[in-house]
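One letter stands for each residue in the lines below.
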Amino acid sequence: MAAFQGYGLLQRPAYGFENSVRFPGGRLQISMAVEEEIIKAISFSGDYMALADDAPAVRALVGLPHERLAIERALEELGEELALIFGSISAAEIASAMF
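Residues numbered from 1 in each chain as written. Predicted model: local features only at pLDDT ≥ 70, side-chain atom pairs only at ≥ 80, totals over all residues. Heavy atoms only, no water.

Participant: Would you mind showing me how to read the pairing of strand S2 (residues 26–35) here?
Facilitator: The side chains of a regular strand alternate between both faces of the sheet. When strand S1 (residues 15–23) meets S2, the two strands line up antiparallel, connected through nine bridges. Across the sheet, Phe17 pairs through a bridge with Met32, a residue of S2. Where S1 folds back on S2, the antiparallel hairpin that results is connected by two residues. Bridging between S2 and strand S3 (residues 38–46) involves eight bridges; their strand directions are antiparallel. Across the sheet, Ile30 pairs through a bridge with Phe44, a residue of S3. Linking two consecutive strands that pair antiparallel, namely S2 and S3, is a turn of two residues; a positive phi of about 50° is found at Glu36 within it. (Pairing = 2+ DSSP bridges. Helix = DSSP H or I, 4+ residues; strand = E, 2+ residues; numbered from the N terminus.)

Here it is as structure tokens:
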């Protein structure tokens, strides 16, 4: 194994992620920057019925690990505000679109 030291095999690369998914509540588009498995930036767009700005959702997700359960829990903690931001798209649906 010593021959492989220094090659960064254990490093987690930074990556960008984009996805667009159609749900019954509308199309959700996600753009995300991830470094060392941590969400560094995220933006949402689409044709869902947004009645509020997505800033609370962005704040809830930036800094979290890019893990489905952590993301879903953070979105669920937004409570009723989630429906104002994303209409009828659920926390589980949003989390699924992030992978």
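Picking up after the structure, the text goes on.
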